[in-house]
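Residues per chain, in single letters:
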Amino acid sequence: MKEFWSKRVRDMIPYVPGEQPKDRKFIKLNTNENPYPPSPKVLAAAKAAADEALRRYPDPECLALRQAIAAHAELDPSQVFCGNGSDEILSFAFQAFFDKENPITFPDITYSFYEVYVKFLDLTSNLIPLNEDFSLPVERFVREPSGGVVIANPNAPTGQAISLDELRRILNGNREQVVIVDEAYIDFGGDSAVGLIDEYPNLLVVQTASKSRSLAGLRVGWALGNANLIAAMCCVRDSINSYTVDRIAQAAAAAALEDAAYFDQTRRAIMHTRESALTRLQELGFQAAPSKANFLFVRHPKLAGKLVFQALRERGILVRRWDQLRIEDYLRISVGTEEEMDALCAALREIVSG
């Protein structure tokens, strides 16, 4: 029953986020959340911001947060845009830089929200298939006509990353179009494109505090790029909602950026656990693409992905799976604590042997 629905949403298939269970306690390895709590400095900043000033609107320009991000990225605050998580940032960018007449180019297997944005905004897309090993066919992104390019680096859900040399080739082949590099997982081993921003005025880098800084619950993301691109993002934002990042979130995210020691400690712990878990999964017969993210993308050659997914859920462990061509037998497993990965491997040993 869709009475009163607009034509735009009547036939939409929206993005489906990972399950957030409420009926029972699970080991959650399905939404790439950080297994470690936020920095103590973040919690202190959030508490300090929760005072009587909450009666007033937050700073629509997010100036203090933008200054913290700019200092971290070695950019000017005019090259920084803040939003309510990187998903909002991406939706603003699709509206700011792409037109229906010129298809947006991105891989066939990538963050599924990109195609949702295309359909919701009445845009068009050109999906380029990943190689058989899920690596990016860089040359096709260089030579094929495009109205813009979107690349998740590292890619989701595969976890694979491209080098800065490969990214330069894509940027050089698309100098008249905006190239968006979605770096949600960059802090877990990839090479960031931020250092290329002053060289390429068409480059927009999108990052988030949700993954490596343990702030998924506060929804803070940012875009980095030429001041001209940032101005276009501001135009979209202020045509929809000028106050997208609340006062507490701004203070907490700034504190997270300032606590470099805690950030480095936790991300290194996740990368160490990722590599040890990968070895253990391979010993159980699972195949996996090399990951530069906080998750592993794996399959077992003798077991259907749906079967493994359901068997893990029955054992109280959530992972992510898609009914999508080429990847229906793969599972995306978020890297948890050492104890959580021990439980995962024990469950998989039962499933494989059973």
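Our subject is the structure that appears above.
Residues numbered from 1 in each chain as written. Predicted model: local features only at pLDDT ≥ 70, side-chain atom pairs only at ≥ 80, totals over all residues. Heavy atoms only, no water.

**Observations regarding the overall build of the protein**
Step number 1: Summing up its helical and strand segments, the protein has 12 helices and 12 strands in all.
Step number 2: Dimensions of the protein, computed from C-alpha atoms along their principal axes, come out at roughly 55 × 50 × 50 Å.
Step number 3: Here the protein holds 354 residues, and 52% of them are scored as buried.
Step number 4: Taking contacts inside the protein between residues at least 6 apart in sequence as the whole, the part at least 24 apart equals 72%.
Step number 5: Across the protein, the 40 positively charged side chains and the 47 negatively charged ones have centroids separated by 4 Å. (Helix = DSSP H or I, 4+ residues; strand = E, 2+ residues; numbered from the N terminus. Buried < 20%, exposed > 50% of the residue type's maximum accessible area, 1.4 Å probe, protein only. Contact = heavy atoms within 4.5 Å. Lys, Arg positive; Asp, Glu negative; His and termini not counted. Charge placed at Lys NZ, Arg CZ, Asp CG, Glu CD.)

**Description of the side chain of N32**
Step number 1: Here N32 lies in the loop between β1 (27–28) and α2 (40–49).
Step number 2: Judged by its relative accessible area of 0%, N32 falls in the buried class.
Step number 3: One polar contact links N32 to Y185, side chain to side chain, over a distance of 2.9 Å.
Step number 4: When residues no more than four places from it in sequence are discounted, the contact partners of N32 are Y185, K211, N294, F295, R332 and S334. (Polar contact = N/O pair within 3.5 Å; in protein donor to acceptor, adjacent residues only side chain to side chain.)

**Topic: the environment of F309**
Step number 1: Mapped onto the elements of the fold, F309 is located in helix α11 (residues 305–314).
Step number 2: With a relative accessible area of 23%, F309 lands in the partly exposed category.
Step number 3: A sequence separation of 20 residues divides F309 from D329, and the C-alpha atoms of the two residues are 9.3 Å apart.
Step number 4: Setting aside anything within four residues of it in sequence, one finds F309 in contact with V319, R321 and L331.

**Things to note about the sheet that holds strand β12 (residues 331–334)**
Step number 1: Strand order in the open sheet formed by 3 strands is β9-β10-β12, with antiparallel pairing between adjacent strands. Each of the sheet's edge strands pairs with one partner strand only, and the pair in question is β9 (287–288) and β12.
Step number 2: Alignment of strand β10 (residues 295–299) against β12, held across 4 bridges, turns out to be antiparallel. Pairing of L296 across the sheet is with I333, part of β12.
Step number 3: Contacting β9, β10 and β12, helix α10 (residues 260–283) crosses the sheet at an angle of about 10° to β10. (Pairing = 2+ DSSP bridges. Axes fitted to C-alpha atoms, helices over the stretch in contact; angles between N-to-C directions.)

**Remarks on unusual backbone geometry**
Step number 1: Cis geometry is adopted by the peptide bond preceding P154, which originates at N153 and carries an omega value of 0°.
Step number 2: Looking at the secondary structure, you find P154 in the loop between β5 (149–152) and α7 (164–172).
Step number 3: The omega torsion of the bond from A156 to P157 falls at 15°, within 30 degrees of zero and hence cis.
Step number 4: Within the element layout of this structure, P157 appears in the loop between β5 and α7.

**Digging into the packing of α10 against helix α12 (residues 338–353)**
Step number 1: Packing of α10 against α12 leaves a shortest axis separation of 11 Å and a crossing angle of 10°. Considering their axes alone, α10 and α12 lie roughly parallel with respect to each other. The segment α10 lies against α12, with H272, T273, S276, A277, R280 and L281 engaging E338, M341, D342, C345 and L348.
Step number 2: Class assignment of the residues belonging to the contact of α10 with α12 gives a composition of 5 nonpolar, 3 polar and 3 charged. (Parallel < 35°, antiparallel > 145°, perpendicular 65-115°, else oblique. Nonpolar A, V, L, I, M, F, W, Y, C, P; charged D, E, K, R; others polar.)

**Observations regarding the environment of S210**
Step number 1: Position of S210 among the secondary structure elements: in the loop between β7 (203–208) and β8 (221–225).
Step number 2: As for S210 and V220, which are separated by 10 residues in sequence, their C-alpha atoms are 7.0 Å apart.
Step number 3: What S210 contacts, discounting residues up to four positions off in sequence, is L215, A216, R219 and V220.
Step number 4: Within the structure, S210 has its side chain in polar contact with the side chain of R219 (distance 3.0 Å).

**Comments concerning the pattern of salt bridges**
Step number 1: In total, this model carries 18 salt bridges according to the counting rule given.
Step number 2: Across the pair K28 and E33 runs a salt bridge whose closest N-O atoms are separated by 2.7 Å.
Step number 3: Here the salt bridges do not stand alone but share partners, grouping E61, R237 and D238 into one network. (Salt bridge = Lys/Arg side-chain N within 4 Å of Asp/Glu carboxyl O.)

**Looking at helix α4 (residues 85–97)**
Step number 1: Taking 1.5 Å of rise per residue, the 13 residues of α4 would be expected to cover 18 Å, and the 19 Å separating its terminal C-alpha atoms lies within 8% of that figure.
Step number 2: Burial of α4 is extensive: 10 of the 13 residues sit out of reach of the surface.
Step number 3: Listed in full, the buried residues belonging to α4 are G85, S86, E88, I89, L90, S91, F92, A93, F94 and F97. (Expected span 1.5 Å × (residues − 1).)

**Focus: α10**
Step number 1: For α10, which comprises 24 residues, the first-to-last C-alpha distance of 35 Å matches the rise-based estimate of 34 Å (1.5 Å per residue) to within 8%.
Step number 2: Those residues of α10 that sit buried are Y262, F263, T266, R267, I270, M271, T273, R274, A277, L278 and L281.
Step number 3: Downstream of α10 by one or two residues, G285 has phi in the positive range, about 100°.

**What about the state of the cysteines?**
Step number 1: Taken as a whole, this structure holds 0 disulfides when the rule is applied.
Step number 2: A disulfide-free cysteine, C82 has its sulfur positioned 4.7 Å from the sulfur of C62, the nearest such atom.
Step number 3: The class of C82 is buried, set by a relative accessible area of 2%.
Step number 4: The thiol of C234 is not disulfide-bonded; the next cysteine sulfur, from C235, is found 8.8 Å away. (Disulfide = S-S within 2.5 Å.)

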